[in-house]
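# Secondary and tertiary structure notes
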Amino acid sequence: MKSAIETGKIKYAVLMLIITAVFVTACVFYLLGFRFVLEKDNLFYFNEIATESANTVEIKLDTLITSMNNYAPMFSGFNSVPVEERAERIAAISDVSQFYDIAYIEIDGTATSSYLGNAILIRRAYFRNALAGVSNISEIVVSEFNGMRVNVFAVPVYTGDEITGVLAGAVESGYLNELMNSQTFNGMASSYIMNTEGIIILTPQKDPLGVDTGISFFDVISDISDKDIAANISAVDASGSFTFRFEDQDYFAAYNSIDISEWVVLTLARCSDVHAVTYNVFGLALAFTIAIVIIAIACIIILSIKHWLSKKRYAETVNERDFLKYTDPLTGGPSYEKFLDEVTAIFASKNEKENYAVISMDINKFRTINDRDGYDVGNRILVDLAQVVQDNLNTGEAYTRKNADLFYILLKYNYEADIFARVDDIISESNYNLNDLKITLLFGVYMVDDSNIDFRSILDHADLARRTIKNSSESRCAFFDNNLLTKIREEKKIESVMEYALERNEFRVYLQPKYDLRDRSSIIGAEALVRWFRDGKMIPPGGFIPLFEKNGFILKIDRFVFEEVCKQQRIWLSRGYDVRVISVNMSRVNLQQPNFVRDLYRICNKYNVPTKYFEIEITESVAFENLEILTRVFNELKNYGFYISIDDFGTGYSSLNMLKDLPVDVLKIDRSFLTDSGKNERANSIISHVIKLALSLHMKTICEGIETSDQVSLLSGLGCDMAQGFYFDRPMSIEEYEKKLYSHYPNTNLR
Ligand code: C2E
Ligand code: MG
Ligand code: MG
């Protein structure tokens with residue numbers, strides 16, 4: 001079971017690891033994909049920006065050229081304006097334009113500037129181009145007027161259809177450089193203008209390549225990934241992109257041709273700058289993903305711990321529950337449930353040749369031990385006894401303490417003698433001696449001939465066998481036989497009819513006279529003995545009294561007998577007879593009833609019969625089970641005025657010493673002491689001693705079961721006060737008794 005739990009844990013851990021690994025892998029792939037898409041996006045974005053930059057540059061340059069073209073008509077026929085007026089007129093335009101200086105150039109190259117005077121510009125390319133009718137922008141040139149680095153926007157001036165001059169506007173080279181700068185990628189992208197041969201015409205203000213105008217871009221940059229790039233750039237409407245490496249840096253470059261002077265705008269930016277944005281976003285995504293992974297792993301760990309804890313708690317609860325279910329809390333041995341499980345398993349794997357017996361074992365009068373020595377002592381005995389039984393078990397056998405002092409043992413045997421040997425082992429090993437009280441064990445054995453019959457009824461059979469042992473002072477063992485079952489069936493039958501029988505007056509009271517041994521003809525009283533007449537037959541008390549004592553019905557019977565006697569005494573008293581004491585047997589069960597004596601007294605009151613006409617007989621074996629209760633009940637009886645006798649004296653374990661503190665009036669010596677001839681010296685000596693001792697305690701003695709005249713002579717010789725027995729009279733009906741005792745009265749038998 002434990003290994004199953006361990007395997008479960010390992011499986012769970014592996015599952016969690018797989019989930020975590022899959023999750024982390026998914027995150028890594030997601031990040032790589034995300035990065036790839038971002039980079040692609042960035043490149044696309046860069047190309048867009050490059051196109052945008054090219055457009056912007058084109059628009060700005062075009063605006064400047066257009067403004068020059070707009071000014072040009074104002075110079076139509078300007079050659080006829082006197083030289084001294086020209087500067088002033090040019091200045092008027094120059095002031096409102098974006099050019100820092102504007103010059104008018106005659107066809108011979110003579111230029112008049114607004115502020116800077118005159119110069120000869122015949123060789124300037126922009127001049128020539130404009131003369132050829134092409135509005136154009138110069139590369140950076142050094143001004144003939146003031147030596148500054150400038151770009152010149154030159155347009156032809158028409159007078160009629162004829163080009164009569166060129167209008168040129170100069171901007172500082174830095175002015176155009178500024179246009180080349182892009183604001184994108186944190187200002188890290190720069191744009192160049194080059195012509196279709198790749199000659200750089202304009203550089204940006206921030207020039208990462210540090211190139212001069214007038215040189216070929218492809219001379220500077222030899223490490224270009226796309227070798228056809230030069231050819232592409234020279235194409236009309238060229239646009240495209242490529243990468244290159246320059247001074248240990250990778251660059252993205254995108255080119256777009258513009259409509260001005262067949263120029264191409266080349267925008268470039270360091271790859272690292274372009275990707276910086278990507279990496280920022282990617283960094284965020286990475287951080288976010290890592291955070292999610294950490295949170296997810298933390299969740300998995302927390303869930304796993306919770307899961308593990310709850311599994312652990314569950315396992316502990318199950319263990320605890322199983323422990324409670326399968327363990328006897330007192331002895332730590334197997335519980336009844338465990339025993340049943342074990343027996344089921346043993347019987348399931350039993351082979352034909354194996355014989356099993358079930359033993360029901362208990363401690364004789366265990367309650368007395370608990371009452372006398374306390375529960376701690378009682379418990380210790382049970383714990384030790386369980387250990388003894390446990391130590392005596394062989395493999396394939398089982399035992400349990402079902403409750404209190406009741407143990408069941410399942411044993412294997414070959415011969416009946418084996419069972420006795422095993423029982424003897426248990427008896428000898430549990431040879432306790434506590435406060436002079438020797439512990440006796442009672443064993444009931446059922447030999448299992450058919451393991452398929454309900455195991456509980458097997459246990460019942462063993463119990464039954466054990467219960468057949470009565471009042472034993474030594475450990476004993478009884479075997480179950482089928483007569484016990486017949487007996488039980490009969491008992492069941494009796495129990496089903498007893499109430500009804502009482503209502504129907506099937507129970508009757510018989511009286512057995514008692515005689516004074518000094519005057520053998522004088523009846524001094526009688527003992528009431530119950531009789532059950534059923535279906536025309538008389539059942540003797542031995543056939544039902546023990547059962548009624550077991551099921552409690554004896555309380556009703558004793559009360560019935562007492563009341564019947566009481567009624568009769570009343571009748572006789574009312575008739576004025578010389579009423580004698582009648583003794584009534586009271587079972588031990590009555591002693592436990594809190595109102596026992598009071599109830600008897602009430603019955604006496606009900607019929608108005610004084611208690612002195614009754615003697616209560618309690619058997620000796622019962623008498624000393626609980627001396628404390630007995631003393632209380634006897635004192636109560638005495639206080640109400642009843643006589644008290646100890647019945648069957650000599651059969652129990654009491655001593656006269658114990659008797660001396662009890663208010664007993666009469667000792668009834670059991671008939672077992674009598675021998676037929678009355679000549680057994682030893683038995684006679686016992687009777688003699690009992691009589692003498694009773695005398696010393698001021699008790700009277702009566703001997704019951706007198707059958708012979710020898711016995712009568714012996715007893716009277718020993719000083720016994722009274723006698724009762726078949727020799728004198730058998731128990732008789734009330735009518736017979738009345739006839740016998742009161743026949744001399746005139747109204748005898750008139751009830
Ligand atoms: P016990 O109280 O000791 O009653 C005396 C028994 O001895 C009676 O048996 C009686 O018939 C028998 N007996 C009397 N003289 C002789 C004799 O000379 N020889 C022989 N062999 N026997 C003689 P019984 O009536 O069968 O009663 C048996 C026991 O049943 C009684 O013993 C008593 O313990 C119990 N018992 C009878 N009636 C009642 C009752 O109403 N209530 C209670 N609780 N127990 C009763
Ligand atoms: Mg009696
Ligand atoms: Mg008796």
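Source: prediction; values computed, not measured.

### Thoughts on the coordination of the magnesium ion (ligand 2)
Around the magnesium ion (ligand 2), the protein contributes the donor atoms E527 (OE), N585 (OD1), E617 (OE) and D647 (OD), which lie 2.0 to 2.2 Å from the metal centre. Each donor residue of the magnesium ion (ligand 2) lies on one chain, and together they are spaced E-x57-N-x31-E-x29-D. Here the magnesium ion (ligand 2) and the magnesium ion (ligand 3) are spaced 4.0 Å apart, linked through D647, which binds each one. Placement of N585 in strand β23 (residues 581-585) and of D647 in strand β25 (residues 643-649) is noted, with a sequence separation of 62 residues between them. For D647, a relative accessible area of 5% puts it in the buried group.

### Considerations on empty space enclosed by the protein
Per the counting criterion, the structure on display carries one cavity of 30 Å³ or more. Taken as a whole, the largest cavity holds about 140 Å³ of empty space. Lining the largest cavity are 17 residues, and of these Y126, S143, F145, V152 and A170 lie nearest its centre. Elements with a contribution of two residues or more to the lining of the largest cavity: β1 (101-106), β5 (141-142), β6 (149-159) and β7 (162-172). Residues belonging to the lining of the largest cavity are distributed by class as follows: twelve nonpolar, two polar and three charged.

### Digging into the sheet that holds strand β8 (residues 190-194)
Across the sheet, which stays open at both edges, the five strands sit in the order β9-β8-β12-β11-β10 with antiparallel pairing between neighbours. Edge positions in the open sheet fall to β9 (200-202) and β10 (239-246), since each of these has one partner strand only. On average, each strand axis in the sheet is tilted by 35 degrees relative to the strand beside it, whichever way the strands run. Two elements, β8 and strand β12 (residues 264-270), share five bridges in a ladder whose sense is antiparallel. Directly across from M194, in β12, lies its bridge partner V264.

### Comments concerning a negative patch on the surface
A surface patch of negative charge is lined by D391, D424, D425 and E429. The greatest single-element share of the negative patch, amounting to three residues, is contributed by helix α12 (residues 416-429). Judged by relative accessible area, D424 falls into the partly exposed class, the value being 46%.

### With respect to the side chain of R401
Positionally, R401 belongs in strand β14 (residues 398-403). Overall, R401 belongs to the buried group, its relative accessible area being 13%. A polar contact of 2.8 Å, which involves the side chain of R401, links it to the side chain of D328. Polar contacts involving the side chain of R401 include one to the main-chain carbonyl oxygen of A404, which spans 2.8 Å. Ignoring anything within four residues of it in the chain, the contact list for R401 reads D328, L330, T331, P334, L382, L406 and F407.

### Looking at the coordination of the magnesium ion (ligand 3)
Only D647 (OD), D648 (OD), E704 (OE) and E704 (OE) from the protein coordinate the magnesium ion (ligand 3), and they sit 2.0 to 2.6 Å from it. Judged by its relative accessible area of 11%, E704 falls in the buried class.

### Let's talk about the site of ligand 1
In the vicinity of ligand 1 lie 23 residues, with E527, D558, D647, E707 and F726 positioned nearest. Between D558 and ligand 1, the recorded distance is 2.7 Å, taken from a side-chain N or O atom to a nitrogen atom. F726 places a main-chain nitrogen or oxygen 2.8 Å from an oxygen atom of ligand 1. About the coverage of ligand 1: the protein hides 83% of its 790 Å² of free accessible area. Looking at the shell around ligand 1, the elements with two or more residues in it are β21 (523-534), α16 (554-574) and β25. At four residues, the largest contribution of residues to the shell around ligand 1 is made by β21. Here the residues of the shell around ligand 1 are counted per class, giving nine nonpolar, five polar and nine charged.

### Some points on unusual backbone geometry
With a phi angle near 65 degrees, D248 is a residue other than glycine that sits in the positive phi range. For D248, the location among the structural elements is in the loop between β10 and β11 (249-257). In this structure D248 comes out as exposed when scored by relative accessible area, which is 65%. A positive phi angle, near 60 degrees, is found at H698, a position not held by glycine.

### Some thoughts on the packing of helix α17 (residues 596-606) against helix α19 (residues 627-640)
Closest axis-to-axis distance for the α17/α19 pair is 9 Å, and the angle between their directions is 20 degrees. Taken together, α17 and α19 sit at an angle that is classed as roughly parallel. Seen along the crossing, α17 lies across α19 with a hand that is right-handed. On α19, the residues that touch F596, V597, R598, L600 and Y601 of α17 are V633, E636, L637 and Y640.

### Let's talk about the side chain of R466
When you line up the elements, R466 lands in helix α13 (residues 455-467). Residues in contact with R466, not counting those within four places in the same chain, are S360, M361, D362, L406, L442, F443 and G444.

### Some words on the sheet that holds strand β15 (residues 406-413)
Strand order across the open sheet formed by five strands is β14-β15-β13-β18-β19, with mixed pairing between neighbours. Looking at strand neighbours, the two that pair on one side only are β14 and β19 (476-479), the edges of this open sheet. Going from strand to strand, the sheet's axes swing by 20 degrees on average, the running direction of each strand aside. α12 contacts β13 (355-363), β15, β18 (441-448) and β19 of the sheet and is inclined by roughly 155 degrees relative to β18.

Conventions we followed
- Residues numbered from 1 in each chain as written.
- Chains lettered and ligands numbered in written order.
- Predicted model: local features only at pLDDT ≥ 70, side-chain atom pairs only at ≥ 80, totals over all residues.
- Heavy atoms only, no water.
- Donors = N, O, S within 2.8 Å, 3.2 Å for Na, K, Ca; no water.
- Helix = DSSP H or I, 4+ residues; strand = E, 2+ residues; numbered from the N terminus.
- Buried < 20%, exposed > 50% of the residue type's maximum accessible area, 1.4 Å probe, protein only.
- 1 Å grid on protein atoms, 1.4 Å probe; cavity = no way out; pocket = protein on both sides within 12 Å on 5 of 7 lines; lining within 4 Å.
- Points joined across faces, edges and corners; volume = space filled by probe spheres on them.
- Nonpolar A, V, L, I, M, F, W, Y, C, P; charged D, E, K, R; others polar.
- Pairing = 2+ DSSP bridges.
- Axes fitted to C-alpha atoms, helices over the stretch in contact; angles between N-to-C directions.
- Patch = residues over 30% accessible without salt bridge, like charges linked within 9 Å, V, L, I, M, F, W, Y side chains within 5 Å.
- Areas by Shrake-Rupley, 256 points an atom, 1.4 Å probe, with all protein chains shown as cover.
- Salt bridge = Lys/Arg side-chain N within 4 Å of Asp/Glu carboxyl O.
- Lys, Arg positive; Asp, Glu negative; His and termini not counted.
- Charge placed at Lys NZ, Arg CZ, Asp CG, Glu CD.
- Polar contact = N/O pair within 3.5 Å; in protein donor to acceptor, adjacent residues only side chain to side chain.
- Contact = heavy atoms within 4.5 Å.
- Near = heavy atom within 4 Å.
- Parallel < 35°, antiparallel > 145°, perpendicular 65-115°, else oblique.
- Left-handed = near helix turned anticlockwise from the far one by under 90°.

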